[in-house]
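The chain contents come next:
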Amino acid sequence: LGFSTYIQTLINDANEAAARITLGVFDAFVPVSRYGATPDCQFLTDGAITATDQTFTSASNPFVAADVGKTIVVAGAGAAGAVLVTTIASFTSAGSVELTAAASTTVSGAVAHFGTNNTTAINNAISGLTSGGRVVFNPGYYLTDTVNMTDTNSVTLEGASWGINANGKGTVLV
């Protein structure tokens, strides 16, 4: 009665379907995965790297060959103990990778996170909604730099809540 009903289906990367029912005026949404965003950010708390060296190690053995080219952020390993942001240049083993840039500060037991840098994909999804709408994120951890919300017209970032999906994960922008 004056409202239109739309059923939109979002297929996430794991081919799980989530049905949405929107009542009223059509609500534009775009899955950020359509722009290539990947929720693959991983965290570790046992990283180590020596000043002037490019070899980064972790006793938790989180690395795989497919991590080459991904962004890595290492707390305290930059100049004067700042954050080191660089790229994984090569895979040595599950516990060791070579980075594009050398550390300026030696760290051990360092907190680090690494994954696909989703900044461009997220910003493209946002700018693609010229008349407002929702950018929808599948569950997981998305590594990103600056998300540009300047000059957006009624754009909302929407992710999953914790524990409401099959894998029990929510959505986090890192």
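Figured I'd write up the structure that's included with this text. Every chain's residues receive numbers from 1 upward, in the order its sequence appears when written. The predicted nature of this model means local features are confined to residues of pLDDT at least 70 and side-chain atom pairs, given and counted, to a pLDDT of 80 or more, with totals for whole chains, interfaces and linings taken over all residues. Side-chain metrics in this entry use all non-hydrogen atoms of the structure; hydrogen atoms and water are not considered.

1. Some words on the sheet that holds strand 3 (residues 29–31)
The strands making up a sheet associate through hydrogen bonds between their backbones, and the pairing can be parallel or antiparallel.
Turning to step 1, where the next piece is worked out: Judged by pairing direction, the sheet is parallel, and its 3 strands sit side by side in the order 3-10-12 without closing on themselves. Looking at strand neighbours, the two that pair on one side only are strand 3 and strand 12 (155–158), the edges of this open sheet. Strand-to-strand twist across the sheet, computed as the mean angle between neighbouring axes with direction ignored, equals 20°.
Turning to step 2, where the next piece is worked out: Two strands pair under a simple rule: DSSP has to find at least two bridges between them. Secondary structure is summarised from DSSP: a helix means a run of H or I of at least four residues, a strand means a run of E of at least two, and numbering begins at the N terminus for each. Bridge count between strand 3 and strand 10 (residues 133–136): 3 bridges; the pairing is parallel. Bridge assignment links Pro31 to a residue of strand 10, and that residue is Val136. For every element, the axis is a line fit to its C-alpha atoms; helices are fit only across the contacting stretch, and the angle between N-to-C directions ranges from 0 to 180 degrees.

2. Points about the packing of aromatic side chains
Turning to step 1, where the next piece is worked out: For this analysis, a ring pair means two rings from Phe, Tyr or Trp (six-membered ring only for Trp) whose centres lie within 6.5 Å, classed as stacked if their planes differ by under 30 degrees, edge-to-face if by over 60, and tilted for the remaining angles. Applying the stated criterion across every chain yields a total of 4 aromatic pairs.
Turning to step 2, where the next piece is worked out: Centroid distance Phe43 to Tyr141: 5.1 Å. Interplanar angle 80°. Geometry classified as edge-to-face. Of this pair, Phe43 sits in strand 4 (residues 42–49) while Tyr141 sits in strand 11 (residues 140–142), and the two are 98 residues apart along the sequence.
Turning to step 3, where the next piece is worked out: With a relative accessible area of 45%, Phe43 lands in the partly exposed category.
Turning to step 4, where the next piece is worked out: Through a chain of ring-to-ring contacts, the aromatic side chains of Phe56, Phe63 and Phe114 assemble into a single cluster. Burial classification: accessible surface area is computed with a 1.4 Å probe over protein chains only, and a residue below 20% of its type maximum counts as buried, one above 50% as exposed, and the rest as partly exposed.

3. Examining a nonpolar patch on the surface
Turning to step 1, where the next piece is worked out: A cluster of nonpolar residues, Met149, Leu157 and Leu173, forms a patch on the protein surface that exposes about 210 Å² of accessible area.
Turning to step 2, where the next piece is worked out: Position of Met149 relative to the elements: it lies in the loop between strand 11 and strand 12.
Turning to step 3, where the next piece is worked out: The exposure class of Met149 is partly exposed, given its relative accessible area of 34%. Excluding any residue in a salt bridge, patches collect residues exceeding 30% relative accessible area, merging like charges within 9 Å and nonpolar Val, Leu, Ile, Met, Phe, Trp and Tyr side chains within 5 Å. Residue burial considers only the protein chains on display, and all accessible areas are found by Shrake-Rupley using a 1.4 Å probe. What makes a salt bridge here is a side-chain nitrogen of Lys or Arg within 4 Å of a carboxyl oxygen of Asp or Glu, nothing more.

4. A closer look at the sheet that holds strand 8 (residues 96–99)
Turning to step 1, where the next piece is worked out: Reading around the circumference, 4-5-8-7-6-9 is the order of the 6 strands in this closed barrel, with antiparallel pairing throughout. Neighbour-to-neighbour, the strand axes of the sheet open up by a mean angle of 45°, direction not taken into account.
Turning to step 2, where the next piece is worked out: As defined by bridge partners, strand 5 (residues 55–58) adjoins strand 8 across 3 bridges and the pair is classed as antiparallel. Counted as the bridge partner of Phe56 is Val97 from strand 8.

5. Regarding the environment of Ala48
Turning to step 1, where the next piece is worked out: With respect to the helices and strands, Ala48 occurs in strand 4.
Turning to step 2, where the next piece is worked out: Each C-alpha atom of the pair Ala48 and Val111 lies 9.1 Å from the other, and the pair is 63 residues apart in sequence.
Turning to step 3, where the next piece is worked out: When near neighbours in sequence (up to four residues on either side) are disregarded, Ala48 contacts Thr55, Phe56, Thr57, Val107 and Ser108. Here a residue-residue contact requires only that any non-hydrogen atoms of the pair lie within 4.5 Å.

6. Focus: the nonpolar core
The nonpolar side chains of a soluble globular protein tend to be buried, and buried together.
Turning to step 1, where the next piece is worked out: We define the nonpolar core as a collection of buried residues of types Ala, Val, Leu, Ile, Met, Phe, Trp, Tyr and Cys that are connected through side-chain atoms lying within 4.5 Å of one another. Counting residues in each nonpolar core, the largest one holds 16 residues, and the members touching the most others are Phe56, Val74 and Leu99.
Turning to step 2, where the next piece is worked out: Elements with a contribution of two residues or more to this core: strand 4, strand 6 (71–74), strand 7 (84–93), strand 8 and strand 9 (107–115).
Turning to step 3, where the next piece is worked out: Tallying contributions element by element places strand 9 first for this core, with 4 residues.
Turning to step 4, where the next piece is worked out: With residues up to four places along the chain from it excluded, the contact list for Val74 reads Phe56, Ala82, Val83, Leu84, Val107, Ala110, Val111 and Ala112.
Turning to step 5, where the next piece is worked out: Ranked by size, the runner-up nonpolar core spans 12 residues in total, among them Val30, Ala37, Leu129 and Phe137.

No statement about biological role is implied by the geometric values presented.
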